[in-house]
Amino acid sequence: MIAKPSPSTTTTANRLPAADPTPKRPLYEASTQFRNWRFSPEQLSNLRLTLNEAAVAVIRNTLENEKPGSSLDVSFLSAEEEHLLVKLYVTKIAQLCSLFRFPEEVEATAVTYLKRFYLKNTVMDWHPKNVMLTALFLATKTTNNPISLETYTTHIPKTAPSDVLDLEFLVAQSLGFEFAVWHSHRALWGMTLDMQTLPECPADTRPIYELALNHVRSSRLTDAELIYTPSQIALAALSLATPELASQWSASKTPSGPSPSGQSVEMLPGVTEAIKTLITTAGHPPQVEAVREVDRRLKLCKNPEKIVGSHAYLAKKAEEERVAEAKRNKKASEAQQAMADGDPFGTELPKVPMGLVDYEDEDED
Amino acid sequence: MSAIREVKYLRELQHKNVIELLDVFSSKKNLNLVLEFLDSDLEMIIKDRSLVFLPADIKSWMAMTFRGLEFCHRNFILHRDLKPNNLLVAADGHLKIADFGLARDFADPGYKMTCQVITRWYRPPELLFGSRYYGSSVDIWSVGTIFAELMLRIPYLPGESDMDQLKTIFRALGTPTEEEWPGHTKLPDYIPVGQFPKTPLRDLFTAASADTLNLLAKCLIYEPRKRITAKEALFHPYFTALPYPTHPSKLPKCTTHLSARALEEVDGNVEMNSTGPGVKANNSRLKRKLSSPDDGTSKTRSIARRLDFTKQGPPQSP
């Protein structure tokens, strides 16, 4: 059968592929990164401050419960000090990645995971060392570069498989199971390829790329990725490497004449400059001595409920066990009640051992 | 590994023809995915002999499949396991692509991928010949075979082994020539499987329109680079020609799914206080049935999945 051209056919032809009624927007804006992991600098510092204050309050309370007056002479970490410690462990990720020869994507993803984790948690609850190891291991899996846990832990000194596995769920959960990350090094690679269409572009772009990539790597030590888009960071890195070419490239991409996105185009130079400043001022590893001091004090102000074997830890576990037990009993009695009432869904139950019905118990070891 | 992939991609993809991941939560060592609930899948509908498919019905399913797939490809995601069993159908008739356990991002040029993907009957010849570099065209071949299956009501290319699969393909579509598919004899696992003549699609698909056969043929082009893309397919005259696609709510619906699911709930581990269907998968169900597409258990689809973080998946190609 041959289609007869008719007015209705043409309208359908125009409508069919564009089945999505919402106006077109960049793919990036549909990502979880755009939706859930973008902050203003103020939001970031407020968030960290709130987390820090909440953690201090909880720990103070726990210490007081154990021994009244004991929290008075504890010097808790400030939000800035926590952040400094996390930054140190960002540099450790880079070291481990070069040891394992992991691709750039693994390194960048792990760094993002670590930073995002500490927007939901504090270092006083979870020390960044093991969180960092877990974030990196998780990143190898989510970026499709798997490595066996044994190989992973045997190559890292003083690390047992449990150090990685125990936190894996916590980390995944803190990330909201949003594993996909848009990276600025990818954007930079695209720009470097695209730049070759410029008449001013040198024949060999590799030195430019390498130089700019180093700036992208420095940007990982900053909050840039939590504030700006990957392409903005990439452009800033390119601009640090080769200011002329970067501005020529961005000019070649700017639509001439007024456009609906005109405003964002006007804002771009300002954004680029802001990122450049951020990279040059904050994009270097922290002073080891200062961090060591923070780490020393962390030993004294860690949340005792998270230290295995401590008084508060055992008390917390006992409390959790009590709640779980109560919940199990409640479920069991509810199920029995349902059967006694002749509930239509209760009749099948006797075939199933009661323990199995309890969702939470299934994997108890 | 497969659950991690599934979570990673479904968290990002939001489209009315892609299954929606409503929530993820963990209890102890399980990872539970809460997925949108869908009554049936295309395999059940195809096998339901009491249903009659009109050409407009097939067009509607194909349009929804291509829309969902175009969205995946636009997001640089290869599905790599398309088959009727993974095209789920909602109660309101909307088709949604599901099961992203084998999905991955497009690789950079020159980056090797595994060729051990896609259920055999739906696997394109370049993967059977061991090609480690491929793109979205592998999914298009699968859609082509599904298209044919919708018309025939039986699997179009049911090979019994990987070797037999190639023979089955060539028997149906003719052995490719060097001109048709340049360089295919240089692929890593190339083996000659005999010369089969080309028979026109019309001989088998006697009732199909010219547009239908034209789109089908373009999905089943041997040279992957010439195969139609999902976006091009959506602009194909087939979709704008009469008859227009059936409205999803008026599509044939499966009648047998209710009993199948009730059985699974007795076997499974039911969460008492959940509002949705909280059936947990056994570990054995998580394994892809790459080698036996006609496995009897494929009927009972598990709704929730669990992920064991302590176990490593099969080694993926670097």
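For every chain, the first residue of its written sequence is number 1, and the numbers climb from 1 along that sequence. The order in which chains are written sets their letters, starting at A; the order in which ligands are written sets their numbers, starting at 1. Given that this is a predicted model, residues contribute local features only at a pLDDT of at least 70 and side-chain atom pairs are listed and counted only at 80 or more, while totals for whole chains, interfaces and linings are drawn from all residues. Note that water and hydrogens are dropped before the side-chain values are worked out from all heavy atoms of the structure.

Looking up chain B in an unreviewed UniProt entry gives the name [RNA-polymerase]-subunit kinase, with the organism given as Asterophora parasitica.

Where we set the bar: UniProt positions are given in the numbering used here, feature names are shortened, and annotations may be inferred rather than shown by experiment.
Identification of chain A as Cyclin-like domain-containing protein from Asterophora parasitica is taken from an unreviewed UniProt entry. Checking UniProt for chain A, the heading Sequence similarities (unreviewed entry) contains the comment "Belongs to the cyclin family."

1. Regarding the pattern of salt bridges
Note the following rule: Just to be clear on terms, a salt bridge is a Lys or Arg side-chain nitrogen sitting within 4 Å of an Asp or Glu carboxyl oxygen. Only DSSP runs of H or I covering at least 4 residues are called helices, and only runs of E covering at least 2 are called strands; the numbering of each starts at the N terminus. Partly exposed describes any residue whose relative accessible area lies between the buried limit of under 20% and the exposed limit of over 50%, with all areas from a 1.4 Å probe on protein chains only and scaled to the type maximum.
Within this structure, the stated rule accounts for 27 salt bridges over all chains. A salt bridge links Arg292 of chain A to Glu289 of chain A; its shortest N-O distance comes to 3.3 Å. With Arg292 of chain A and Glu289 of chain A both in helix 15 (residues 288–301) and three residues apart, this pair spans about one turn of that helix. Given a relative accessible area of 51%, Arg292 of chain A falls into the exposed group. Residue Glu223 of chain B is joined to Arg225 of chain B by a salt bridge in which the shortest nitrogen-to-oxygen separation is 3.4 Å.

2. Topic: the side chain of Glu107 of chain A
All names here are of chain A. The criterion, for reference: Every residue pair with non-hydrogen atoms within 4.5 Å of one another is taken to be in contact.
When you line up the elements, Glu107 lands in helix 5 (residues 104–117). You can call Glu107 buried: its relative accessible area is 13%. In this view, Glu107 contacts Ile93, Ala94, Cys97 and Arg220; residues no more than four positions away in its chain are not counted.

3. What about the packing of aromatic side chains?
Note the following rule: Pairing of aromatic rings covers Phe, Tyr and Trp, the last through its six-membered ring, and needs centres within 6.5 Å; plane angles under 30 degrees mean stacked, over 60 mean edge-to-face, and all others mean tilted. Here, over-ring charges are defined by two tests on the NZ atom of lysine or the CZ atom of arginine: distance to the ring centre within 6 Å, and angle to the ring normal within 35 degrees.
Using the criterion set out here, one finds 21 aromatic pairs over all chains in the structure. Aromatic side chains Phe129 of chain B and Phe170 of chain B sit 6.3 Å apart centroid to centroid with 45° between the ring planes, which places their arrangement in the tilted category. Placement of Phe129 of chain B in the loop between helix 4 (125–128) and helix 5 (137–152) and of Phe170 of chain B in helix 6 (residues 162–173) is noted, with a sequence separation of 41 residues between them. Each member of the pair, Phe129 of chain B as well as Phe170 of chain B, carries the same accessibility label: buried. With 6.3 Å between their ring centres and 25° between their planes, Trp141 of chain B and Tyr222 of chain B make a pair best called stacked. Taken together, the residues Trp141 of chain B in helix 5 and Tyr222 of chain B in the loop between helix 8 (210–219) and helix 9 (230–234) connect sequence positions 81 residues apart. The cationic tip of Arg38 of chain A hangs over the ring face of Phe34 of chain A; the distance from NZ or CZ to the ring centre is 3.8 Å.

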